[in-house]
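Analysis of the macromolecular model
The chain contents come next:
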Amino acid sequence: GAPSGGSGSSFMVGQSNGIATAPAFGLNYSDKWNSKMKFSGSYFFNYTNLDNISDIYRNYITESDSSLIYSENNTSTSINLNHKLNAKFEYDIDTMNSISISPKFNFQMNNKKTSLLGNNVSNSTILLSSLDNLNSSIFDGYTFNNEISYRHKFNKKGRTISISLLTDLNDKTGITKLNSSNYFLATSDTSMVDQEGDQRTKGMGFSTNLAYTEPLGKKAQLMLNYSASYMRNDINKETDNYDAVSGEYISLDSILTNIYDNTYLTHKPGIGLNYNT
C-alpha cells in the first residue's frame with residue numbers, strides 16, 4: 001500500500017457546530033489524446049466560514065445562598081480554504097505493456113479564533129471569579145502523493161507482472177496564540193497566561209510493490225506480491241511565554257514543547273489464490 005506520512009484530506013479541521021457559509025467549485029476532465037494515451041483529472045475548491053456564538057446563564061440556589069449567578073459568552077470563527085487536484089495518465093506502450101501515473105495534490109489553510117468570557121457573581125454585584133480566554137491559530141499545509149505503475153502481460157493468458165512506485169510528501173506549519181486571565185476574589189489573585197506556539201510537521205514516504213500472477217488451470221490463479229516502504233516524520237512544536245523585559249515570546253515552556261522524529265521501514269511479502277467458479 002501507499003506510505004503514509006500523516007497526510008489526509010482533513011488534516012487540520014474537523015466537524016463543528018455553527019452557522020456556515022460554504023461555497024464550492026469542482027471541475028472534471030477526461031480525454032483520449034490518441035490510441036495509446038488517456039488522461040483524466042479533476043480540480044476541487046471549497047471555502048468555509050463557520051461562526052458560532054453561545055451564551056450561558058445559570059442561577060445557583062442553595063440553603064445558604066440563592067444569589068450566585070454564573071454567566072458565560074463563547075464565540076468562535078473558523079475559516080477554511082481547500083484546494084484538491086487529481087490527475088491520471090495512462091499509456092499503452094503496446095498490447096503487452098502499459099504504464100500509468102497518478103499524482104494527487106491537496107492544499108489547505110485554516111484560520112480559527114475562539115474567545116470565552118465567564119463570571120461568577122454573588123448578590124448581583126460582587127465578582128467572585130472571572131475567566132477571560134482568547135485562542136487563535138493559523139495553519140496551512142499541503143500533501144502530495146504520486147503513483148507510477150508498470151504492467152506487463154505475458155503470452156500465456158492470466159500471467160502478468162506489475163511494479164509500482166509510490167511517493168507521499170506532506171508539510172504543515174502553524175502559529176497558535178493563547179491569552180488567558182483568571183481572577184479569584186478569595187485570594188485576590190489574578191493569574192495570566194500569554195503564550196505563542198510554532199508548529200511544523202513534515203513527512204515523506206516511499207514504497208514499492210511487485211506483483212505476479214500465474215494461472216493454475218482454467219479456474220484458479222496464483223498471486224504473489226512483495227512490498228517495501230519507508231516513512232519518516234519530523235515534528236517540531238515549540239511554545240514560548242511572553243517575556244515582559246524584551247517584549248517578545250522567548251521564554252520556552254518545556255512542558256508544551258515537543259521536538260522529535262520517527263522512521264519506519266517495512267517489508268510485506270504475500271501469497272494468494274483466486275478461484276473462479
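Our subject in this report is the structure included herewith. This one's a predicted model, so the numbers in the text were calculated from it and none came from an experiment. Each chain has its residues counted from 1, running along the sequence as written. Whole-chain, interface and lining totals are the exception, using all residues; otherwise, since this is a predicted model, local features are given only for residues with pLDDT of at least 70 and side-chain atom pairs are given and counted only at 80 or more. Only heavy atoms go into the side-chain values, all of them from the structure, while hydrogens and water stay out.

**Re the pairing of strand 4 (residues 68-92)**
Our working definition: Whether two strands pair comes down to DSSP finding at least two bridges between them. Per the convention used, a helix needs a DSSP run of H or I reaching at least four residues, while a strand needs a run of E reaching at least two, with both numbered from the N terminus.
Examined bridge by bridge, strand 3 (residues 37-60) and strand 4 share 24 bridges and lie antiparallel to one another. Looking at strand 4, one finds that Ile 53 is bridged to Thr 75. Inspection of the sheet shows strand 4 paired to strand 5 (residues 97-122) by 23 bridges, in the antiparallel sense. Residue Ser 78 lies in a different strand from strand 5, and its bridge partner there is Lys 112. Joining the antiparallel neighbours strand 4 and strand 5 is a turn of 4 residues.

**Details of the pairing of strand 9 (residues 220-243)**
For strand 8 (residues 189-216) and strand 9, the ladder comprises 22 bridges, and the chain directions are antiparallel. Counted as the bridge partner of Gly 203 is Asn 233 from strand 9. Here strand 8 folds back onto strand 9 in antiparallel fashion, the turn holding 3 residues, of which Gly 217 has a positive phi close to 80°. Relative to strand 11 (residues 258-275), strand 9 is paired through 18 bridges, and the arrangement is antiparallel. Across the sheet, Asn 225 pairs through a bridge with Gly 270, a residue of strand 11. Relative to strand 10 (residues 248-252), strand 9 runs antiparallel, the two being bridged by 4 bridges. Bridge pairing in strand 10 places Asn 241 opposite Ser 251. The hairpin formed by strand 9 and strand 10 contains 4 residues between the paired strands, and Gly 247 there has a positive phi angle of roughly 75°.

**Observations concerning the pattern of salt bridges**
Basically, it comes down to this: By definition, a salt bridge exists where a carboxyl oxygen of Asp or Glu is found within 4 Å of a side-chain nitrogen of Lys or Arg. The classification of residues rests on relative accessible area computed with a 1.4 Å probe and restricted to protein chains. Under 20% of the type maximum is buried, over 50% is exposed, and intermediate values are partly exposed.
Enumeration over the complete set of coordinates arrives at 6 salt bridges. When the shortest N-O distance is used, the salt bridge between Glu 214 and Arg 159 registers 2.7 Å. Of this pair, Glu 214 sits in strand 8 while Arg 159 sits in the loop between strand 6 (126-153) and strand 7 (160-184), and the two are 55 residues apart along the sequence. Of the residues examined, Glu 214 reaches a relative accessible area of 13% and is grouped as buried. Residue classification places Arg 159 among the partly exposed positions, given a relative accessible area of 26%. We note a salt bridge from Asp 234 to Arg 232, for which the minimum N-O separation is 3.1 Å. Residue class for Asp 234 comes out partly exposed when judged on its relative accessible area of 29%. Judged by relative accessible area, which is 25%, Arg 232 ranks as partly exposed.

**Considering the layout of surface pockets**
Convention followed: Two kinds of site are reported from a 1 Å grid over the protein atoms alone, namely cavities, where a 1.4 Å probe fits but cannot get out, and pockets, open sets with protein on both sides within 12 Å along at least five of seven lines, and residues are called lining when an atom falls within 4 Å of a point. Grid points are joined across faces, edges and corners, and a volume is the space filled by probe spheres set on the points. Each residue receives one of three labels: charged for Asp, Glu, Lys and Arg, nonpolar for Ala, Val, Leu, Ile, Met, Phe, Trp, Tyr, Cys and Pro, and polar for the others, Gly being one of them.
Put simply, the second largest pocket is a space of about 240 Å³. Tallying contributions element by element places strand 6 first for the lining of the second largest pocket, with 4 residues. Broken down by class, the residue content of the lining of the second largest pocket amounts to 4 nonpolar, 7 polar and 7 charged.

**Brief notes about the side chain of Thr 213**
The following threshold applies: For the purposes of these results, a polar contact is taken to be a pair of N or O atoms within 3.5 Å, where, inside protein, one atom must be able to donate a hydrogen and its partner to accept one; residues adjacent in sequence count only when each atom of the pair is a side-chain atom.
Note on placement: Thr 213 falls in strand 8. Overall, Thr 213 belongs to the buried group, its relative accessible area being 14%. A distance of 3.0 Å separates a polar side-chain atom of Thr 213 from the backbone oxygen of Gly 158. Separated by 2.6 Å, the side chains of Thr 213 and Thr 160 make a polar contact.

**A few points about a nonpolar patch on the surface**
Worth spelling out the cut-off: Patch definition: residues above 30% relative accessible area lacking any salt bridge, with like charges linked at up to 9 Å and the nonpolar side chains Val, Leu, Ile, Met, Phe, Trp and Tyr linked at up to 5 Å. For every accessible area listed, the method is Shrake-Rupley and the probe measures 1.4 Å; residues are considered covered only by the protein chains on display.
Together, Leu 85, Phe 105, Tyr 142, Leu 169, Met 204 and Phe 206 line one region of the surface with nonpolar side chains, adding up to about 470 Å² of accessible area. Within the element layout of this structure, Phe 105 appears in strand 5.

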